[in-house]
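# Architecture at a glance
One letter stands for each residue in the lines below.
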Amino acid sequence: MIRSELIQIIADENPHLYQRDVERIVNTVFEEITEAMARGDRVELRGFGAFSVKKRDARTGRNPRTGETVDVEEKFVPFFKTGKLLRDRLNGLENTEEE
Amino acid sequence: MGEKTLTRMDLSEAVFNEVGLSRNESAQLVESVLEHMSDALVRGEQVKISSFGTFSVREKAARVGRNPKTGEEVPIHPRRVLTFRPSHLMKDRVADGNRKK
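These lines cover the structure that appears in this document, whether it is placed above or below. (Residues numbered from 1 in each chain as written. Chains lettered and ligands numbered in written order. Predicted model: local features only at pLDDT ≥ 70, side-chain atom pairs only at ≥ 80, totals over all residues. Heavy atoms only, no water.)

## Regarding the packing of aromatic side chains
How two aromatic rings sit relative to each other is set out by the distance from centre to centre and by the angle between their planes. As a reminder, the rule being used: Each pair of aromatic rings taken from Phe, Tyr and Trp, with Trp reduced to its six-membered ring, is defined by centres within 6.5 Å and is described as stacked if the planes are under 30 degrees apart, edge-to-face if over 60, and tilted in the remaining cases. Helical segments are the DSSP runs of H or I of at least four residues, strand segments are the runs of E of at least two, and each set is numbered from the N terminus. Burial classes: relative accessible area under 20% of the type maximum marks a residue as buried, over 50% as exposed, and values in between as partly exposed (1.4 Å probe, protein chains only).
In total, this model carries 12 aromatic pairs over all chains according to the counting rule given. Aromatic side chains Phe51(A) and Phe84(B) sit 5.6 Å apart centroid to centroid with 90° between the ring planes, which places their arrangement in the edge-to-face category. With one member in each of two chains, Phe51(A) in strand β2 (residues 49-56) and Phe84(B) in strand β6 (residues 79-86) form a pair that bridges those chains. As far as the burial class goes, Phe51(A) and Phe84(B) line up, both buried. A ring pair is formed by Phe55(B) and Phe84(B), whose centres lie 4.6 Å apart and whose planes are at 35°; its orientation type is tilted. Of the two residues, Phe55(B) is situated in strand β3 (residues 53-60) and Phe84(B) in strand β6; the sequence distance between them amounts to 29 residues. For the pair formed by Phe55(B) and Phe84(B), the shared burial category is buried. Pairwise contacts between aromatic rings join Phe30(A), Phe48(A), Phe51(A), Phe80(A), Phe52(B), Phe55(B) and Phe84(B) into one cluster.

This is the structure we're talking about:
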């Protein structure tokens, strides 16, 4: 499934909405999540999962081709942890308790 | 960092501010986005959101695990796990936004 298919499914389910509004709605959801993480905030969507930012410490890396050492600065990376309900659903356990 | 935790409510509020819908309908639409993504993943499909990232389902083989506290061996059954790979755009935005000034 890609973004445009997701938009199409939701547009089909909501014939009273303009397609362009459904597009804005779907885009807003993903944009809000990205913006939150860019600020260092977490986004917790119970049952689905949680987006957070993890810090990777500075380290001395090595260029695998030349063997040369390089200093890698500390950096922040996006991280997603699957929610319990979705994890259970992926494994065929439909009616389990919400986390 | 990690100042705040956003929830469905914050996403609904953003949708409410973006489009002229009721708060209730905005909340339902956010839910609908998450549900359709979940359903696709449960069917084993990949969910690829351009400029955001890709969710994929991976099959994990059975293995023998160990309770780290008791040292006891426990069988871990084969299972399906979800992985999220952020897009380059998201990685860059998160790295830039959190970089120490």
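Read on, since the account is not over.
## Examining the sheet that holds strand β5 (residues 75-82) of chain A
Applied cut-off: Any two strands are treated as partners once DSSP identifies two or more bridges connecting them. For this analysis, residues touch if any pair of their heavy atoms sits within 4.5 Å. Angles run from 0 to 180 degrees between N-to-C directions of axes, and those axes are lines fitted to C-alpha atoms, restricted for helices to the stretch in contact.
With mixed pairing, the 4 strands of this open sheet are ordered in space as β5(A)-β2(A)-β1(A)-β1(B). The two strands at the open ends of the sheet, each matched to only one other strand, are β5 of chain A together with β1 (5-6) of chain B. The pairing of strand β1 (residues 42-45) of chain A with β2(A) spans 3 bridges and is classified as antiparallel. Considered in β2(A), the bridge of Val43(A) is made with Phe51(A). Relative to the sheet, helix α2 (residues 19-38) of chain A contacts β1, β2 and β5 of chain A together with β1 of chain B, its axis offset from that of β2(A) by approximately 30°. Where helix α3 (residues 88-98) of chain B meets the sheet, its contacts fall on β2 and β5 of chain A, and the angle it forms with β5(A) comes to roughly 125°.

## Concerning unusual backbone geometry
The backbone of Ser51(B) sits at a positive phi, close to 65°, despite the residue not being glycine. Assignment of secondary structure puts Ser51(B) in the loop between β2 (47-49) and β3.

## A look at the sheet that holds β2(B)
All names here are of chain B. Read from one edge to the other, the open sheet built from 3 strands follows the order β2-β3-β6, with strand pairing classed as antiparallel. Of all the strands in the sheet, just β2 and β6 have a single pairing partner and so form its edges. Across the sheet, the mean angle from the axis of one strand to that of its neighbour is 25°, orientation sign disregarded.

## Looking at the pairing of strand β5 (residues 73-76) of chain B
All names here are of chain B. Two elements, strand β4 (residues 63-66) and β5, share 4 bridges in a ladder whose sense is antiparallel. The residue bridging Val 64 from the neighbouring strand is Pro 75, located in β5. A loop of 6 residues connects β4 with β5, the two strands running antiparallel in sequence, and Gly 71 in this loop sits at a positive phi of about 80°.

## Focus: the interface of chain A and chain B
Going by this rule: Summed over both partners, buried area is the accessible surface (1.4 Å probe) that two parts give up on being assembled. Between Lys or Arg on one side and Asp or Glu on the other, a salt bridge is scored when a side-chain nitrogen of the former is within 4 Å of a carboxyl oxygen of the latter. Counting of polar contacts relies on pairs of N or O atoms within 3.5 Å, with two restrictions inside protein: one atom must be capable of donating a hydrogen and the other of accepting it, and residues adjacent in sequence are counted only when both atoms are side-chain atoms.
Listed as interface residues are 46 residues of chain A and, on the opposing side, 53 residues of chain B. Carbon and sulfur atoms supply 66% of the area buried between chain A and chain B, which totals about 4700 Å² over both sides. Among the residues chain A hides against chain B, the three largest losses belong to Met1(A), Phe76(A) and Leu90(A). Together they make up 16% of the total. Where chain A meets chain B, there are 3 salt bridges. Across the pair Arg24(A) and Glu18(B) runs a salt bridge whose closest N-O atoms are separated by 3.4 Å. Along the contact surface separating chain A from chain B lie 20 residue pairs in polar contact (both at pLDDT 80 or more).

## What to know about the packing of α2(A) against α3(B)
What counts, and what does not: For this classification, the nonpolar set comprises Ala, Val, Leu, Ile, Met, Phe, Trp, Tyr, Cys and Pro, the charged set comprises Asp, Glu, Lys and Arg, and every other residue, Gly included, is treated as polar.
α3(B) packs onto α2(A) with a crossing angle of 35° between their chain directions and a minimal axis gap of 7 Å. Together, Glu31(A), Thr34(A), Glu35(A), Met37(A) and Ala38(A) of α2(A) and Met90(B), Arg93(B), Val94(B), Gly97(B) and Asn98(B) of α3(B) make up the contact between the two elements. For the contact of α2(A) with α3(B), the residue count by class is 4 nonpolar, 3 polar and 3 charged.

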